[in-house]
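Report on the structure
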Amino acid sequence: MRLDHDRAVTFWICRTCGVEHSERPDVCAICADERQWVPASGQAWATLEELADEGYAAHLTTLEPDLYAVTSTPNAGIGQQSKLVRTPDGSVLWDPIGFLDEPVVQQILALGPVVAIVASHPHMYGVQVEWSRRLGNPRVLVAESDVHWLGRPDPVVETWKGTLELTPGLTLSQPGGHFPGSAVLHWAAGAEGRGVLLAGDTVFANPDRRSVAFMRSYPNHLPLSAAVAERVAAHLEELAFDRLYGNFANVIDRDARAVVRRSADRHIAWVRGDHDDLT
Ligand SMILES: [Zn+2]
Ligand SMILES: [Zn+2]
């Protein structure tokens, strides 16, 4: 049996959420939480090798200059779309997916060194430690308030809170809401200098492309309260951005900062009880 660097460590991936675990509990805590779900068929785990044997492959595509999407076919976990932001001071991998392979690792490294890996919140941890191992061991940043959700602790993990500039013009901050440590990544140079917000699940770019949602649980349809939605919106209004990318292929292409404010006002009015069955 080969015990080289890649194969010496065994870990398991939850087939529902795509998050790596160093042990296999009876049920994935992230999926058992009210914000997620365990399939009717029960908890299922996979190894990275099993997924590769099943034909999974990872892909890198360009979204706009210096911003790339990392996906897999079939979808790993809930099918999130990682973002890779490239800057003159190195790249940052955001919301890492729950699968990787050597070709996509080489494509990413060809764009420059990766200086940090960050998930917006625990649903998006993916195989973040494994990504770090393959990408030259950049630090994996985990929100201090959510660190108890970590399924695969590792020395490469560093906790953070508040605001953190990863490279000049690429800044993490924490509106909270969806999780206490829910983060966004602001990229000042994105959208031809008008600014980009990588929103995670903090706000969700809706299919109408004209509004965003504020939810504690997206799959189980549990809204954030008026007070928390206002707090999140007020945080985001402090940032300069024109385009907002969600953690799937969902995007608000233009005027996204104003969209966030209008959507917050609408959400707050509904959950506060301002409206009845008007139409
Ligand atoms: Zn899970
Ligand atoms: Zn989420």
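Please refer to the structure placed before this passage.
Residues numbered from 1 in each chain as written. Chains lettered and ligands numbered in written order. Predicted model: local features only at pLDDT ≥ 70, side-chain atom pairs only at ≥ 80, totals over all residues. Heavy atoms only, no water.

1. Comments concerning the pairing of strand β11 (residues 163-167)
When a strand is regular, its side chains alternate between the sheet's two faces. Of the strand pairs in this sheet, β11 and strand β12 (residues 170-173) are connected by four bridges, and their pairing is antiparallel. Along β12, the bridge assignment pairs Thr167 with Leu170. Hairpin remark: β11 followed by β12, antiparallel, with two residues in the connecting loop; positive phi at Gly169, about 85°. (Pairing = 2+ DSSP bridges. Helix = DSSP H or I, 4+ residues; strand = E, 2+ residues; numbered from the N terminus.)

2. Digging into the sheet that holds strand β1 (residues 12-14)
Pairing is antiparallel across the open sheet formed by three strands, whose spatial order is β2-β1-β3. Of all strands in the sheet, those bounded by a partner on one side alone are β2 (20-21) and β3 (45-46). Relative to β2, β1 runs antiparallel, the two being bridged by two bridges. Note on β2: the bridge partner recorded for Trp12 is His21.

3. Examining the coordination of the zinc ion (ligand 2)
Taken together, the protein donors to the zinc ion (ligand 2) comprise His121 (NE2), His123 (ND1), His178 (NE2) and Asp201 (OD), at separations of 2.1 to 2.2 Å. Each of the four donor atoms around the zinc ion (ligand 2) contributes to a set of angles spanning 97 to 151°, which defines the coordination as irregular. Donor residues binding the zinc ion (ligand 2) come from one chain and are separated in sequence as H-x1-H-x54-H-x22-D. Here His123, found in the loop between β8 (114-118) and α4 (128-134), pairs with His178, found in the loop between β12 and β13 (184-187); they are 55 residues apart in sequence, far enough to count as distant. Each member of the pair, His123 as well as His178, carries the same accessibility label: buried. (Donors = N, O, S within 2.8 Å, 3.2 Å for Na, K, Ca; no water. Tetrahedral: all angles 85-135°; square planar, octahedral: opposite > 155°, others 65-115°. Buried < 20%, exposed > 50% of the residue type's maximum accessible area, 1.4 Å probe, protein only.)

4. Considerations on the environment of Leu239
Within the secondary structure, Leu239 is located in the loop between α5 (226-237) and β19 (243-245). In sequence terms Leu239 and Phe11 are 228 residues apart; their C-alpha atoms lie 38 Å from each other. When residues no more than four places from it in sequence are discounted, the contact partners of Leu239 are Ser173, Val184, His186, Leu197 and Arg257. (Contact = heavy atoms within 4.5 Å.)

5. Topic: the environment of Glu237
Among the secondary structure elements, Glu237 is positioned in helix α5. Spatially, the C-alpha atom of Glu237 lies 7.6 Å from that of Arg261, the residues being 24 residues apart in sequence. Ignoring any residue separated from it by four or fewer positions in sequence, one finds Glu237 in contact with Arg257 and Arg261. A polar contact is formed between the side chain of Glu237 and the side chain of Arg261, at a distance of 3.1 Å. (Polar contact = N/O pair within 3.5 Å; in protein donor to acceptor, adjacent residues only side chain to side chain.)

6. Focus on the packing of aromatic side chains
One pass over the structure, following the stated rule, counts four aromatic pairs. Between Phe204 and Phe248 the ring centres are 6.3 Å apart and the planes differ by 55°, which places this aromatic pair in the tilted class. Taken together, the residues Phe204 in strand β15 (residues 204-205) and Phe248 in the loop between β19 and β20 (251-252) connect sequence positions 44 residues apart. Overall, Phe248 belongs to the partly exposed group, its relative accessible area being 24%. (Phe/Tyr/Trp six-rings, centres within 6.5 Å; stacked < 30°, edge-to-face > 60°.)

Everything listed here is a matter of coordinates, which is why it stays silent on function.
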